[in-house]
Amino acid sequence: MKNICSWENCKEIGEYKAPVERDNSRNFRYYCLEHIKIFNKNWNYFSNMSEDEIEFFIKSDLTWHKPTKSFSSSENFFKILWNNTLEDKISIFKNSNFKDFKKSRLSEKDRQALEVLGLNYGVKWADIQKKFKGLVKKYHPDKNQGNKKYEDILKKITLAYSQLKLTVSKEK
Ligand SMILES: [Zn+2]
């Protein structure tokens, strides 16, 4: 008995075996040459992606633009991956949603530090330095007749800056 390609609406003979799930190679499905190629391409889909990208991809509204889809089954999961690769949705990482998503991955400490400096979450290290220098000038005791209040603010700002120096300055 010959297997028919498992691809939807494909009537070709399924000569090529493919595992059903990533971590379960006991179950197989069969595809024709054309569709095994697409399958293999998608099987490796995540291998070139960073963890951030994978997480974003999974959570992305763009991934789920067809309503009421969830990872209820691995089959569904790969179906969505296929659709997205075929439509080259990889460009989603270039849009601003992904940048926003990355911002939201800051630690609580980093967030607090950015708030102290009055900066947005997505800010670049160079901008943090610039802002810090400006604030130091503004709150420096020499400029405020040694006012204790400003000294405390300056201390807070310096601590926030030091925190970000440990994290944001090391980001690529
Ligand atoms: Zn096929």
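Everything quoted here is computed from the prediction, not taken from an experiment. (Residues numbered from 1 in each chain as written. Predicted model: local features only at pLDDT ≥ 70, side-chain atom pairs only at ≥ 80, totals over all residues.)

Participant: Would you take a moment to explain the overall build of the protein chain for this structure?
Facilitator: Helix and strand content of the protein chain: seven helices and two strands. Taken from the N to the C terminus, the helices and strands of the protein chain come in the order β-β-α-α-α-α-α-α-α. Each of the 172 residues in the protein chain was classed as buried or not, and the buried ones make up 10%. Sequence-distant contacts, at least 24 apart, represent 41% of the contacts inside the protein chain between residues at least 6 apart. (Helix = DSSP H or I, 4+ residues; strand = E, 2+ residues; numbered from the N terminus. Buried ≥ 20, exposed ≤ 12 C-beta atoms within 10 Å, placed from the backbone. Contact = placed C-beta atoms within 7 Å.)

Participant: Would you mind showing me how to read the environment of Ser-6 here?
Facilitator: With respect to the helices, strands and loops of the structure, Ser-6 is situated in the segment before strand S1 (16-21). For Ser-6, a count of 18 C-beta atoms within 10 Å puts it in the partly exposed group. Taking the C-alpha atoms as reference, Ser-6 lies 8.6 Å from His-35; in sequence the two are 29 residues apart.

Participant: For this particular structure, what's the right way to read the packing of helix H5 (residues 108-117) against helix H7 (residues 148-167)?
Facilitator: How two helices pack is summed up by the angle between their axes together with the distance between the axes. Interhelical geometry of H5 versus H7 gives an angle of 135 degrees and a closest axis separation of 9 Å. Regarding the angle of H5 to H7, the classification is oblique. Seen from above, H5 lies across H7 with left-handed handedness. The segment H5 lies against H7, with Lys-109, Asp-110, Ala-113, Val-116 and Leu-117 engaging Lys-156, Ile-157, Ala-160, Tyr-161, Gln-163, Leu-164 and Thr-167. (Axes fitted to C-alpha atoms, helices over the stretch in contact; angles between N-to-C directions. Parallel < 35°, antiparallel > 145°, perpendicular 65-115°, else oblique. Left-handed = near helix turned anticlockwise from the far one by under 90°.)

Participant: What am I meant to see in helix H6 (residues 125-139) here?
Facilitator: Residues three or four positions apart in an α-helix share a direction because the helix packs 3.6 residues into each turn. The terminal C-alpha atoms of H6 lie 21 Å apart, and with 15 residues this matches the ideal 21 Å at 1.5 Å per residue to within 8%. Taken together, the buried positions of H6 are occupied by Ile-128, Leu-135 and Tyr-139. Buried residues of H6 fall within an arc of 35 degrees about the axis and therefore sit on the same side. In H6, the exposed positions that point more than 90 degrees away from the buried face belong to Ala-126, Lys-133, Gly-134 and Lys-137. The inward-facing, buried residues of H6 abut H5 and H7. (Expected span 1.5 Å × (residues − 1). Arc of directions from axis to C-beta.)

Participant: Mind showing me how you'd approach the environment of Glu-151 here?
Facilitator: You can see Glu-151 is positioned in helix H7. In the structure, Glu-151 is positioned 12 residues away from Tyr-139 in sequence and 7.0 Å away in space, judged by C-alpha atoms.

Participant: What should I look at first to understand the packing of H6 against H7 in this one?
Facilitator: Contact geometry of H6 with H7 gives a least axis separation of 10 Å together with a crossing angle of 165 degrees. What the angle tells us is that H6 and H7 run roughly antiparallel. Judged by the sense of rotation from one axis to the other, the crossing of H6 with H7 is left-handed. Facing H6, whose interface residues are Ile-128, Phe-132, Leu-135, Val-136 and Tyr-139, H7 presents Tyr-150, Ile-153, Leu-154, Ile-157, Tyr-161 and Leu-164. Across the contact of H6 with H7, the residue classes tally to 11 nonpolar, no polar and no charged. (Nonpolar A, V, L, I, M, F, W, Y, C, P; charged D, E, K, R; others polar.)

Participant: What should I look at first to understand H5 in this one?
Facilitator: Within H5 the residues assigned to the buried category are Ala-113, Leu-114 and Leu-117. Down the axis of H5, the buried side of the element spans an arc of 100 degrees, and every buried residue falls inside it. Exposed residues pointing more than 90 degrees away from the buried face of H5 are listed as Glu-108 and Glu-115. Where H5 is buried, its residues contact H6 and H7.

Nothing here speaks to function; it is all geometry.
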